[in-house]
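Structure at a glance
Each chain is listed here by its residues.
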Amino acid sequence: MYRPMISSKLKLYTDGSCRTNPGGVGGWGVVIRTSDHNEDIISIMSGGEPNTTNSRMELMGVIKGLEVVHLYGLSDMVTVYSDSKYVIDNCTKFTNYPSDEADLWERYFSLNDVFKDISHVWIPGHTGHPLQEIADTLATNASGDLKAWLEKTNQNRKRKFNFTRGKTSSTKQ
């Protein structure tokens, strides 16, 4: 499917959530919108993962948004908005990220390299910014939906994840 590149810079509003941090069920949410005079919403998406952390879900929201923009060739100019100081600081200063998130940071840096213009803006959480609130709701709902499904299907068993060179292995406890 051909989709023309949008000439304006896109805005990605992202958020992450984790029910019990660390090791709980988590979710991420993204709202993608144009930055032209109409500021149309292009996409709203969310997802979740079992046995994760809030930091991983915050970063996953950014990654998923960038992947969609890149995959569909929507634009090569993006502004990422997040309420996570951790994510924004590491995206802009590349300061200090834990080794158990190395796989996600590797994905982020690979995506970062393909954009002509990418910037990052911190928005304080839960202060009423409409699109950030939508991203927060998407992330929270995704983690809740996944948690309910795991409980319903009796799959919500604790697992221990071992992170080795960006690969994940799972061992039931």
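Anything mentioned here points back to the structure above.
Below is a short write-up of the structure. (Residues numbered from 1 in each chain as written. Predicted model: local features only at pLDDT ≥ 70, side-chain atom pairs only at ≥ 80, totals over all residues. Heavy atoms only, no water.)

**Some remarks on the overall build of the protein chain**
Formally: Secondary structure follows DSSP: runs of H or I at least 4 residues long count as helices, runs of E at least 2 residues long count as strands, and numbering of each begins at the N terminus. Buried means the residue's accessible area, taken with a 1.4 Å probe over protein chains only, is under 20% of the maximum for its type, while exposed means over 50%, and partly exposed covers the values in between.
Counting secondary structure elements, the protein chain contains 4 helices and 7 strands. Ordered by position from N to C terminus, the α and β elements of the protein chain give β-β-β-α-β-α-α-β-α-β-β. The buried share among the 173 residues of the protein chain stands at 43%.

**Digging into a nonpolar patch on the surface**
Note the cut-off: Patches here: salt-bridge-free residues with over 30% relative accessible area, like charges joined within 9 Å, nonpolar side chains (Val, Leu, Ile, Met, Phe, Trp, Tyr) joined within 5 Å. Shrake-Rupley sampling with a 1.4 Å probe provides the accessible areas, and residues are treated as covered by the protein chains on show and by no other component. What makes a salt bridge here is a side-chain nitrogen of Lys or Arg within 4 Å of a carboxyl oxygen of Asp or Glu, nothing more.
On the surface, a nonpolar cluster with roughly 230 Å² of combined accessible area is contributed by Ile41, Ile44 and Ile134. Structurally, the position occupied by Ile41 is in strand 3 (residues 41–52).

**Remarks on the packing of helix 1 (residues 54–71) against helix 3 (residues 102–112)**
The relative placement of two packed helices comes down to the angle between their axes together with the axis-to-axis distance. Rule in force here: To get an axis, a line is fitted to the C-alpha atoms, and for a helix only the part in contact is used. The angle between two axes follows their N-to-C directions and goes from 0 to 180 degrees. Should an angle lie under 35 degrees it is considered roughly parallel, over 145 roughly antiparallel, and from 65 to 115 roughly perpendicular; all remaining angles are considered oblique. Take the far helix as the reference: if the near one is turned anticlockwise from it by less than a right angle, the crossing is left-handed, and if turned clockwise, right-handed. Contacts between residues were defined by any pair of non-hydrogen atoms, one from each residue, lying within 4.5 Å.
At their nearest, the axes of helix 1 and helix 3 sit 10 Å apart, and the two run at 30° to each other. Classified by the angle their axes make, helix 1 and helix 3 are roughly parallel. Pair helix 1 / helix 3 crosses with left-handed handedness. On helix 3, the residues that touch Arg56, Leu59, Met60, Val62, Ile63, Lys64, Leu66, Glu67 and His70 of helix 1 are Asp103, Leu104, Trp105, Arg107, Tyr108 and Leu111.

**Digging into the sheet that holds strand 3**
Cut-off, in case you're wondering: Pairing between two strands requires that DSSP report at least two bridges joining them.
Within the open sheet, the 5 strands sit side by side as 3-2-1-4-5. Their pairing is mixed. Because the sheet does not close on itself, it has two edges, and the strands there are strand 3 and strand 5 (117–122). Each strand of the sheet is rotated relative to its neighbour by a mean of 20°, with strand direction disregarded. Taken strand by strand, helix 1 contacts strand 1 (10–18), strand 2 (24–34), strand 3, strand 4 (77–82) and strand 5, and its axis lies near 150° from that of strand 1.

**Examining helix 1**
Note the following rule: The span one expects for a helix is its residue count, reduced by one, times 1.5 Å.
Over its 18 residues, helix 1 extends 25 Å from the first C-alpha to the last, a length consistent with the 26 Å expected when each residue adds 1.5 Å. Inspection of helix 1 places Arg56, Met57, Glu58, Leu59, Met60, Gly61, Val62, Ile63, Gly65, Leu66, Val68 and Val69 among the buried residues, and these make up the whole buried set. Taken from the residues just after helix 1, Gly73 is the one with a positive phi, measuring 60°.

**Observations concerning the pattern of salt bridges**
All told, the structure shown has 7 salt bridges when counted by the stated rule. Between Lys93 and Asp89 there is a salt bridge, with the nearest N and O atoms lying 3.7 Å from each other. A residue pair is termed a helical-turn pair when its members lie 3 or 4 positions apart in one helix, as Lys93 and Asp89 do in helix 2 (residues 85–93) at 4 residues. When its relative accessible area of 53% is taken as the criterion, Lys93 is described as exposed. A salt bridge links Glu151 to Lys147, with the shortest nitrogen-to-oxygen separation between them at 3.2 Å. Here the residue Glu151 and the residue Lys147 both occupy positions in helix 4 (residues 130–152), the gap between them amounting to 4 residues, near one helical turn. Counted as one network, the salt bridges with shared partners bring together Lys11, Arg33 and Glu39.

**Observations regarding the packing of aromatic side chains**
Our working definition: In this analysis, rings of Phe, Tyr and Trp, with Trp reduced to its six-membered ring, are considered paired at centre separations within 6.5 Å, and the interplanar angle assigns stacked below 30 degrees, edge-to-face beyond 60, and tilted for intermediate values.
In total, this model carries 5 aromatic pairs according to the counting rule given. Their ring planes at 75° and their centres at 6.0 Å tell us that Tyr86 and Trp105 sit as a pair that is edge-to-face. On the criterion of sequence distance, the pair formed by Tyr86 in helix 2 and Trp105 in helix 3 is long-range, its members being 19 residues apart. The exposure class assigned to Trp105 is buried, which follows from its relative accessible area of 0%.

**Let's talk about unusual backbone geometry**
The step from Asn21 to Pro22 runs through a cis peptide bond, and the omega angle for that step is -5°. Of note, Asn51 is a non-glycine position whose phi angle comes to about 50°, a positive value. Relative to the assigned elements, Asn51 resides in strand 3. The exposure class assigned to Asn51 is buried, which follows from its relative accessible area of 16%. At His126, a residue that is not glycine, the phi angle is positive and equals roughly 55°. In this structure, His126 sits in the loop between strand 5 and helix 4.

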